[in-house]
Amino acid sequence: MKRVYVCGDSFCVPDPEYGSCWVDLLSQQRTVTNLAQVSATNILISLQVEQAIQEHADFVIVQGTSCTRGQKRHQGQLQPFSYHTASEVTTPFDSRTLQLIKEYYTDIFDLGLEIYQNRCIIENTLQKLVDSGIPFLFDQGGFEHPKFGAVNTNYFSKYDRYRSLINLWDYTVTRNYRPYYHITDPAIHQEVANYYLEATQ
């Protein structure tokens, strides 16, 4: 059976309180290693892909994310956060660290530069997968989703042959639930699982 690696953020992470997600459903018929992490940045997703390549995955599913995220080393581990989920509920940081994060986003963060930097990260990640020879599909995810406003629709056009037909960020209802639970319709989870089940045959 093919060993499928899933790399991404919370759109790929099961939340037992709300039932099975598409990764759970896919796991019923494929051997799945899910490396995804809640609030993962594109650099952390790139590290997940590195692991999948090193472990000789048979197929890799990559889901990108928004550029409005960062990470900080905490107790020896890289802890991701985003500007809207940097809180005591969703991170292990103390109030002083959270205040510094908020000041960073207010005073230092430059959206244009972050978009360019994250584009470079994603392109590098995709090229590494191409060079590895491992079959893969990528979902552009939140980078940079049309809901954010005016976007460049030509992002990653060089890799269009590897582009998933499903963008999970199209189905989000994130504000109604915990910050890291986004897709509530079981039928959508089944649709996504069916798509990747066929793609990994």
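Residues numbered from 1 in each chain as written. Predicted model: local features only at pLDDT ≥ 70, side-chain atom pairs only at ≥ 80, totals over all residues. Heavy atoms only, no water.

Draft legend 1. Structural view of the pairing of strand 6 (residues 136–139). By the alternation rule, side chains of strand 6 split into Phe136 and Phe138 and Leu137 and Asp139, which are all buried. Relative to strand 6, strand 3 (residues 59–63) runs parallel, the two sharing four bridges. Bridge pairing links Val62 to Phe138 in strand 6. (Buried < 20%, exposed > 50% of the residue type's maximum accessible area, 1.4 Å probe, protein only. Helix = DSSP H or I, 4+ residues; strand = E, 2+ residues; numbered from the N terminus. Pairing = 2+ DSSP bridges.)

Draft legend 2. Layout of helix 4 (residues 111–132). Its 22 residues give helix 4 an end-to-end C-alpha distance of 31 Å, which sits within 8% of 32 Å, the value for a rise of 1.5 Å per residue. Residues of helix 4 that are buried: Glu114, Asn118, Ile121, Ile122, Thr125, Leu126 and Leu129. Across the axial projection of helix 4, the buried residues extend over an arc of 125°, all falling on one side. Residues of helix 4 that are exposed and point over 90 degrees away from its buried face: Leu113, Tyr116 and Asp131. (Expected span 1.5 Å × (residues − 1). Arc of directions from axis to C-beta.)

Draft legend 3. The arrangement of the sheet that holds strand 1 (residues 3–7) in detail. A sheet is described by the order of its strands in space; here four strands give the open sequence 2-1-3-6, paired in parallel fashion. Edge positions in the open sheet fall to strand 2 (31–34) and strand 6, since each of these has one partner strand only. Each neighbouring strand pair of the sheet contributes to a mean axis angle of 15°, computed without reference to strand direction. Both strand 1 and strand 3 contribute to a ladder of four bridges, which runs parallel. By the bridge assignment, Val6 is partnered in strand 3 with Ile61. Lying over the sheet, helix 4 contacts strand 3 and strand 6, oriented at roughly 170° with respect to strand 6. Relative to strand 6, helix 5 (residues 186–199) is tilted by about 150°, and along the sheet it contacts strand 3 and strand 6. (Axes fitted to C-alpha atoms, helices over the stretch in contact; angles between N-to-C directions. Contact = heavy atoms within 4.5 Å.)

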